[in-house]
Amino acid sequence: MPRSTAEKRAAFHALHRQGCFVIPNPWDAGSARYLESLGFEALASTSSGHAWSQARADGAMPRDAVLAHLREIVAATDLPVNADFEDGYGDTPQAVADSVRLAVATGVAGLSIEDGTGDPAAPQYPLEVAVARLAAARAAIDAAGGDTLLVGRAENFFSGQPDLDDTLARLRAYAAAGADCLYAPGIRARAQIAAVVAAVAPRPVNLLVGGTSEHTMAEIAALGVRRVSVGGGLARAAWGGFMRAAKDLAQHGRFDGFAGAAAGAELNGLFSPR
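Residues numbered from 1 in each chain as written. Predicted model: local features only at pLDDT ≥ 70, side-chain atom pairs only at ≥ 80, totals over all residues. Heavy atoms only, no water.

Draft legend 1. Structural context of the overall build of the protein. Along the protein, the regular secondary structure elements total 11 helices and eight strands. Scaling as 2.2 N^0.38, a compact globule of 274 residues should have a C-alpha radius of gyration of about 19 Å, and the protein matches this with 19 Å. Across the 274 residues that make up the protein, the buried fraction comes to 46%. Excluding contacts between residues fewer than 6 apart, the proportion of contacts in the protein whose partners are at least 24 apart in sequence is 65%. Element-wise, carbon and sulfur atoms account for 57% of the exposed surface of the protein, whose accessible area totals about 12,800 Å². Separation of charge centres in the protein, based on 24 positive and 29 negative side chains, amounts to 3 Å. (Helix = DSSP H or I, 4+ residues; strand = E, 2+ residues; numbered from the N terminus. Rg over C-alpha atoms; globule rule 2.2 N^0.38 Å. Buried < 20%, exposed > 50% of the residue type's maximum accessible area, 1.4 Å probe, protein only. Contact = heavy atoms within 4.5 Å. Areas by Shrake-Rupley, 256 points an atom, 1.4 Å probe, with all protein chains shown as cover. Lys, Arg positive; Asp, Glu negative; His and termini not counted. Charge placed at Lys NZ, Arg CZ, Asp CG, Glu CD.)

Here is the structure:
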């Protein structure tokens, strides 16, 4: 019996209360279903992976397309899904609230709001504006029942402003504004991770590990991180294999890139009607 949206949201909140779990990022219904088959307990969308699948750059997908994508991922799996909801698709708090209301209606169990602007000259919203936008997201979630988990993201290390003190100040402010989980993508050093965890405790922290890492899951858990996402890492890995095989075929007329390809029978079995 499939779980209800309320049940998935309750399970998602429970995952954040103790321990440390991996929340991998599928980019379509098929990758979501496969990740579910491996026993993961929750999934998160990836704005970059989705955009690349639609021949667009990260950040270039319109809101309606993203909402349709979220509905597709939610429908494909019985796991809670966290939405990579970028900047909330609006500059003003009211615009963010309107977008969040639509995202909650897709059935996602959580969603993140970034403080990046996309403007190289001013890559992050001023703190007071960023807080107002996050508070608007919180209010929209509460008006819809309050059970969707809200993630506040400080984009300092992704926007060319790797100021740890400002990152910590922003995350503390986002926690005070109602974020249930905090996230500073781009931090890597143990001291940075520990500082973020301490700054917002007891609220949970998400750590991005989008490539090879010196840290193991055990070490990350020991630092107090509650969840680990991989962003576009799995999508880039898939693109890497596809690109190598296609280039070998185009440039050398060889089929070596098909070595290690998934078996069609295995995929058909995975996607047969439940």
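From this point, things continue past the structure.
Draft legend 2. Just the environment of E86, in detail. Mapped onto the elements, E86 comes out in the loop between β3 (81-84) and α5 (93-104). The exposure class assigned to E86 is buried, which follows from its relative accessible area of 11%. Apart from the residues within four sequence positions on either side, E86 is in contact with S47, D58, G59, S112, I113 and E114. Reaching out from E86, the side chain makes a polar contact with the side chain of Y89 at a distance of 2.8 Å. (Polar contact = N/O pair within 3.5 Å; in protein donor to acceptor, adjacent residues only side chain to side chain.)

Draft legend 3. Expanded view of the packing of helix α7 (residues 164-176) against helix α8 (residues 190-200). Contact geometry of α7 with α8 gives a least axis separation of 9 Å together with a crossing angle of 30°. Taken together, the axis directions place α7 and α8 in an arrangement best described as roughly parallel. Of the two possible hands of crossing, α7 and α8 adopt the one that is right-handed. Residues L164, L168, L171 and R172 of α7 lie in contact with α8, whose contacting residues are Q192, A195, V196, A199 and V200. Among the residues forming the contact of α7 with α8, the class breakdown is seven nonpolar, one polar and one charged. (Axes fitted to C-alpha atoms, helices over the stretch in contact; angles between N-to-C directions. Parallel < 35°, antiparallel > 145°, perpendicular 65-115°, else oblique. Left-handed = near helix turned anticlockwise from the far one by under 90°. Nonpolar A, V, L, I, M, F, W, Y, C, P; charged D, E, K, R; others polar.)

Draft legend 4. How the structure looks around the nonpolar core. By size, the foremost hydrophobic cluster in this structure holds 54 residues, and its most contacted members are F85, V100, L111, I113, L171 and Y174. Counting residues per element, this core draws most heavily on helix α6 (residues 127-143), at six residues. Grouped together as the second largest cluster of nonpolar side chains are 12 residues, F12, A109, Y183 and L208 included. (Core = buried A, V, L, I, M, F, W, Y, C linked by side-chain atoms within 4.5 Å.)

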